[in-house]
Amino acid sequence: MHTASLAARSLKSVWHPCTPMKRHETEPLLAVQRAQGPWLYDTDGKRYLDAISSWWVNLFGHSHPHIRAALADQLEQLDHVMLAGCTHAPVVELSERLAALTGLGHASYGSDGASATEMALKMSAHYWRNLGRPEKNGFVGLAGGYHGETVGALSVTDVPVFRSAYAPLVRLSATVPSPDARLARPGDSAADVARRAAAALQAWLEQHHARTAALVVEPLIQCAAGMVMYDPAYLRRARALCDHYQVHLVVDEIATGFGRTGSMFAHQQAGIRPDFICLSKGLTGGTLPLSAVLTTDAVYQAFYGTDAAQAFLHSHSYTGNPLACRAALATLELFEQLDTLQANRLLAQRLSTAFAPLAQHPRVRHARHLGMVWAWDIETSLPGFAQRYHAAAKARGLLLRPIGSTLYCMPPYVLDTDEVQLLGSQALAALEDCLRQEAQAQSNPRNDK
Ligand SMILES: *Cc1c(COP(=O)(O)O)cnc(C)c1O
């Protein structure tokens, strides 16, 4: 199958996400035939380094032999069985391991991140209802927060482009200021910003706690907002305030979990324990859709009984799918076998060195890095910078998709020395390509379409 024809058929038959469809007339689809390690191969055999881990899900490269073998073995034994009234080894073992890793338990499963968000919201509000406080059913999140795009999840997703059209369908939650470290005033530290944002949270909770079920946050990095990073002091303060005002703390680790920020989970860097954790994306190493919510014994006990109205009945057809659970188990095994968190510290140093010329580029503001995430705000007047950069990077054999004018890299954990060098040099070269286009547009503005 030829690239052009597969892409053309796709545009006729598939509704692609995250891009207005007509734009694909000038932004061609990448028709991927196969993938190996960090590389995607298109239908013409050209390869691309997947520097954003296929939307932040792929941790150990594509087609990892350990995960593949686990899936093949599972397929021989049990493909799927409903989880209502049935159970199986992969879901039990995964739940036990996730409990050991998070210090929470009672895992409930969905398929996508957004359904994990919805489970956490429902469980939190239902908890308060079971305690005789049904008025505690509101939520509060951070400005710019992203927790998924289904109608329930949109209530805590503060991204107008995803939400505005559906505002009439959504019960919009309140937002409090983000502790975005870029807001530091001269002489300020990221911790000072965190303290100010926490003071705003306190003021909000002081007024609204009686009607609030939970605070929902992306810990340490608000990824979809453009890799907005903040100081762990905010999470410590948020935990204390949630305790004081009797409000749950939900940490959405869908993007930040599984080593992405340097620790297994981002909230662990603040030394806190949340009431709910939402997991997805890297959970299966980027092979199959799976999400999970884990919570405390106290929350679980509030639902424990024989009364259906008191119980958490939430279900999906594929809840706890054995193949997905097995892929997740294989992924967690890789963390141990490869000592991934330690190995990533060394890999991150090499990547930071490779990215140093980019970080020091005169057009870059707020170069930032945490764990296996790097981001740079680009000062540019080039219209459609994100699309132009994406195209320039693709021409150079890299898959990178800036968010607005924020360029970021979120690579899989398996890059070798050559791949690190290539990523650093080509990411910079793609920026220079865009800046040349900007210079051309400025010298001949009417040609810029
Ligand atoms: C991606 C993401 C989600 C939504 O996950 P989907 O699988 O896309 O529904 C929720 N929260 C965060 C923090 C995310 O990054």
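Residues numbered from 1 in each chain as written. Predicted model: local features only at pLDDT ≥ 70, side-chain atom pairs only at ≥ 80, totals over all residues. Heavy atoms only, no water.

## Description of the UniProt feature "binding site: substrate" (unreviewed entry) in the protein chain
Here's step 1: Residues annotated in UniProt with the feature "binding site: substrate" (unreviewed entry) correspond here to W55, Y146, K281, S315 and R401. In summary, the annotated positions, distributed over 347 residues, remain apart in three dimensions as well, the widest C-alpha pair reaching 34.0 Å. From the set just named, the residues that line the second largest pocket comprise S315.
Here's step 2: Within the fold, W55 resides in helix 2 (residues 53–56).
Here's step 3: The partly exposed category is assigned to W55, whose relative accessible area is 42%.
Here's step 4: Every residue in contact with W55, bar those within four places of it in the chain, is listed here: P17, C18, K281 and R401. (UniProt positions renumbered as here; feature names shortened; annotations may be inferred. 1 Å grid on protein atoms, 1.4 Å probe; cavity = no way out; pocket = protein on both sides within 12 Å on 5 of 7 lines; lining within 4 Å. Helix = DSSP H or I, 4+ residues; strand = E, 2+ residues; numbered from the N terminus. Buried < 20%, exposed > 50% of the residue type's maximum accessible area, 1.4 Å probe, protein only. Contact = heavy atoms within 4.5 Å.)

## So, the domain arrangement of the protein chain
Here's step 1: The domain boundaries assigned to the protein chain delineate domain 1 (3–60 + 339–447) and domain 2 (65–337).
Here's step 2: A C-alpha centroid distance of 27 Å is found between domain 1 and domain 2.
Here's step 3: Across the contact, 28 residues belong to domain 1 and 27 residues belong to domain 2.
Here's step 4: The junction of domain 1 with domain 2 conceals about 2,300 Å² of combined surface from both sides, 65% of it contributed by carbon and sulfur atoms.
Here's step 5: Linking domain 1 with domain 2 are one salt bridge, by the criterion used here.
Here's step 6: Across the salt bridge formed by R182 and D377, the nearest N and O atoms sit 2.8 Å from each other.
Here's step 7: Applying the counting rule to domain 1 against domain 2 returns twelve residue pairs in polar contact (both at pLDDT 80 or more).
Here's step 8: For the side of domain 1 that touches domain 2, the secondary-structure elements that each account for two or more residues are helix 2, helix 12 (340–359), strand 13 (364–370), strand 14 (373–378) and strand 16 (406–409). (Domains from an automatic or database assignment. Buried area = accessible area lost by both parts, 1.4 Å probe. Salt bridge = Lys/Arg side-chain N within 4 Å of Asp/Glu carboxyl O. Polar contact = N/O pair within 3.5 Å; in protein donor to acceptor, adjacent residues only side chain to side chain.)

## Considerations on the packing of aromatic side chains
Here's step 1: According to the stated counting rule, one finds 13 aromatic pairs in the structure shown.
Here's step 2: Measuring from centroid to centroid gives 5.6 Å for F355 and W374, while their planes differ by 55 degrees, and the two rings are tilted. Here F355 is found in helix 12, whereas its partner W374 is found in strand 14, with 19 residues between them in sequence.
Here's step 3: The exposure class of W374 is buried, given its relative accessible area of 3%. (Phe/Tyr/Trp six-rings, centres within 6.5 Å; stacked < 30°, edge-to-face > 60°.)

## Quick notes on the packing of helix 12 against helix 14 (residues 417–443)
Here's step 1: As a packed pair, helix 12 and helix 14 sit with axes 9 Å apart at the nearest point and diverge in direction by 25 degrees. One element, helix 12, and the other, helix 14, form an angle in the roughly parallel class. Helix 12 and helix 14 meet at a crossing whose hand is right-handed. Residue-level inspection shows L347, R350, L351, A354, F355, P357 and L358 of helix 12 in contact with helix 14, the latter providing T417, V420, L423, G424, A427, L428 and L431.
Here's step 2: Of the residues belonging to the contact of helix 12 with helix 14, the class tally is eleven nonpolar, two polar and one charged. (Axes fitted to C-alpha atoms, helices over the stretch in contact; angles between N-to-C directions. Parallel < 35°, antiparallel > 145°, perpendicular 65-115°, else oblique. Left-handed = near helix turned anticlockwise from the far one by under 90°. Nonpolar A, V, L, I, M, F, W, Y, C, P; charged D, E, K, R; others polar.)

## Things to note about the sheet that holds strand 3 (residues 47–50)
Here's step 1: The four strands lie next to each other as 1-2-3-15, forming an open sheet whose pairing is mixed. In this open sheet, the two strands that pair with only one neighbour each are strand 1 (32–36) and strand 15 (398–399).
Here's step 2: When strand 3 meets strand 15, the two strands line up parallel, connected through two bridges. Looking at strand 15, one finds that L49 is bridged to L398. (Pairing = 2+ DSSP bridges.)

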